[in-house]
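Read off the chains here:
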Amino acid sequence: MPEIRLSAPDITQLEIDAVLEVLHTPQLSLGPKIPEFENAFKRHLGVEHAVAVSSGTAGLHCCLLGLGIGPGDEVITTPFSFIASSNVILMVGAKPVFVDIDSKTLNINADKIEAAITPKTKAILAVEAFGNPGDFDKIVQIAARHEIPLVEDSCEALGSSHGGRKAGTFGRCGVFGFYPNKQMTTGEGGMVVTNDKHLADMCRSYRNQGRDPQAGAAGNGAGWLGHVRLGYNYRMSDINAALGIAQMSRLEEILEKRQRVAHEYVQRLMDHPHIVLPTIHEKTVMSWFVFVIRLSEVFNADDRQAILTYLRNHGIGCSNYFPPIHLQPFYKETLGTKEGDYPVTEYVAARTIALPFHANLTPMEQDRVMHHLNEAVGLRLSEK
Ligand SMILES: *Cc1c(COP(=O)(O)O)cnc(C)c1O
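Residues numbered from 1 in each chain as written. Predicted model: local features only at pLDDT ≥ 70, side-chain atom pairs only at ≥ 80, totals over all residues. Heavy atoms only, no water.

Here we take up the site of the ligand. As a structural note, the neighbourhood of the ligand is formed by Ser55, Gly56, Thr57, Ser81, Phe82, Ala84, Val127, Asp153, Cys155, Glu156, Lys182 and Gly189. One nitrogen or oxygen atom from the side chain of Thr57 is found 2.4 Å from an oxygen atom belonging to the ligand. The separation between an oxygen atom of the ligand and a polar side-chain atom of Glu156 is 2.5 Å. Protein chains shield 91% of the accessible area of the ligand, which is 380 Å² for the free molecule. (Near = heavy atom within 4 Å. Polar contact = N/O pair within 3.5 Å; in protein donor to acceptor, adjacent residues only side chain to side chain. Areas by Shrake-Rupley, 256 points an atom, 1.4 Å probe, with all protein chains shown as cover.)

Shown next, in the form of structure tokens:
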């Protein structure tokens, strides 16, 4: 039996042709595909500025730099995320201040944010965990009340919305990522979106070696060799952007396919006594980045590991999204964080299982996943 992959991009002839078309031109970077991709994104989200970058991490880094966050500053964030959302805080020399998560949305617990705010707090960097923007309306209000910018890590949430507001548009800026396991891909890539012109200009400068943003739209005007700040090469190439434009044009179709796959899983798992499904607020529309289930409380981290191993041995791709960031060796060393610091995060993180999930997963493959998952869970229960 072939392996069922944990994730897979949805690439059609349209994407292949779009990439080949760029390869037949001399402009593989700094060409017309970048503004075209940025404009498609602006239209989709209804924002004023979009800045394409080389990764989601690069986009978050540019945002923190653009907001002037650096050494001595604190940024409030979640310990339950892909590590990039915290790493960028350390990259600018600031201190991540973790706040535990809500057990339903799995996002930073809005009710606990205010207790963590100090005079040094310069931003809230909130992540839509597994693409769920539930509660972001509350986080926006807290940020506004304290006049602190909200940096929205929407890398997992393209296409999701809450209360009719699209993920990526809650914060002062929103950041998307296009690694191949995301809702849409550019191979590697990211996008910053914002209505703040100054911040957009700063992101354009940081992505392009600290060049003056006035040097021209494509950056090739008079000031091309004028560098006004320490910048990076965080540019996206036209090859990646062409792939992104093609994916954008199919986004609704891709999201519908993902919705169908998620729905199939929900139908099959709804009545399972030992599996907890994602909790989705009635005002939330999910675009489904991954499909992550949680084992009931009778299971522990060892049980979860045994179940993952069993699934992998039977050709089912799966993963433990996400180990708590505050328990990563580098964070324990750097920040002195330890087990017990964020109990909700630790409880959830010990029991999650990401199941195979992508647009083209078939109901037959999902049956196979269910078959082996039920076997693995049953075996573990019988040993208790
Ligand atoms: C994917 C992801 C990113 C960005 O990842 P890149 O690989 O740098 O594009 C950032 N934050 C979260 C929460 C993510 O899932």
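Time to look at the packing of helix α3 (residues 56-66) against helix α7 (residues 197-207). Where α3 contacts α7, the axes come no closer than 9 Å and their chain directions differ by 120°. Looking at the two axes, α3 sits oblique to α7. Remark: the crossing between α3 and α7 carries right-handed chirality. Across the interface between the two elements, Cys62, Cys63, Leu65 and Gly66 from α3 touch Leu199, Met202, Cys203, Tyr206 and Arg207 from α7. Looking at the contact of α3 with α7 residue by residue, the class counts come to 7 nonpolar, 1 polar and 1 charged. (Axes fitted to C-alpha atoms, helices over the stretch in contact; angles between N-to-C directions. Helix = DSSP H or I, 4+ residues; strand = E, 2+ residues; numbered from the N terminus. Parallel < 35°, antiparallel > 145°, perpendicular 65-115°, else oblique. Left-handed = near helix turned anticlockwise from the far one by under 90°. Contact = heavy atoms within 4.5 Å. Nonpolar A, V, L, I, M, F, W, Y, C, P; charged D, E, K, R; others polar.)

Before going further, it helps to examine the packing of aromatic side chains. Within this structure, the stated rule accounts for 17 aromatic pairs. Centroid distance Phe80 to Phe322: 6.4 Å. Interplanar angle 75°. Geometry classified as edge-to-face. Of this pair, Phe80 sits in the loop between β2 (74-77) and α4 (84-91) while Phe322 sits in the loop between α10 (301-313) and α11 (329-335), and the two are 242 residues apart along the sequence. Seen from their ring centres, Tyr321 and Phe322 are 5.0 Å apart, and the 25° between their planes marks the pair as stacked. As far as the burial class goes, Tyr321 and Phe322 line up, both buried. Clustering of aromatic rings is evident, with ring pairs tying together Phe80, Phe82, Phe130, Tyr321 and Phe322. Residue placement shows Arg229 over the ring face of Tyr206; its charged tip is 5.8 Å from the ring centre. In this structure, Arg351 packs its charged tip against the face of Tyr347, placed 3.9 Å from the ring centre. (Phe/Tyr/Trp six-rings, centres within 6.5 Å; stacked < 30°, edge-to-face > 60°. Buried < 20%, exposed > 50% of the residue type's maximum accessible area, 1.4 Å probe, protein only. Lys NZ or Arg CZ within 6 Å of the ring centre and 35° of its normal.)

Judged by pairing direction, the sheet is mixed, and its 7 strands sit side by side in the order β1-β9-β8-β5-β4-β2-β3 without closing on themselves. Of all the strands in the sheet, the pair left with one neighbour each is β1 (49-53) and β3 (95-98). The average angle at which neighbouring strand axes cross in this sheet is 25°, direction not considered. Relative to strand β9 (residues 190-194), β1 runs antiparallel, the two being bridged by 5 bridges. By the bridge assignment, Val51 is partnered in β9 with Val192. This element, α3, spans β1, β4 (121-127), β5 (150-153), β8 (173-177) and β9 of the sheet and lies at about 160° to β8. (Pairing = 2+ DSSP bridges.)

Along the chain, Glu147 turns up in the loop between α6 (136-145) and β5. Glu147 sits in the exposed class, given a relative accessible area of 75%. Sequence separation of Glu147 and Ala123 is 24 residues, and the distance between their C-alpha atoms is 9.1 Å.

Of the residues making up α6, those classed as buried are Phe136, Ile139, Val140, Ile142 and Ala143. Down the axis of α6, the smallest arc covering the buried residues is 165°, so these residues share one side. Of the residues in α6, the exposed ones pointing more than 90 degrees away from the buried face are Gln141, Ala144 and Arg145. Those residues of α6 that are buried lie in contact with α5 (110-113), β4 and β5. Phi turns positive, to about 55°, at Glu147, one or two residues after α6. (Arc of directions from axis to C-beta.)

Glancing now at the pairing of β4. Counted residue by residue, β4 has 6 buried out of 7 residues, so it is predominantly covered. In the sheet, β2 pairs with β4 via 4 bridges, with the strands oriented parallel. The partner of Ile76 across the bridge, within β4, is Ile124. Relative to β5, β4 runs parallel, the two sharing 4 bridges. Its bridge partner being in β5, Ile124 is matched across the sheet by Leu150.

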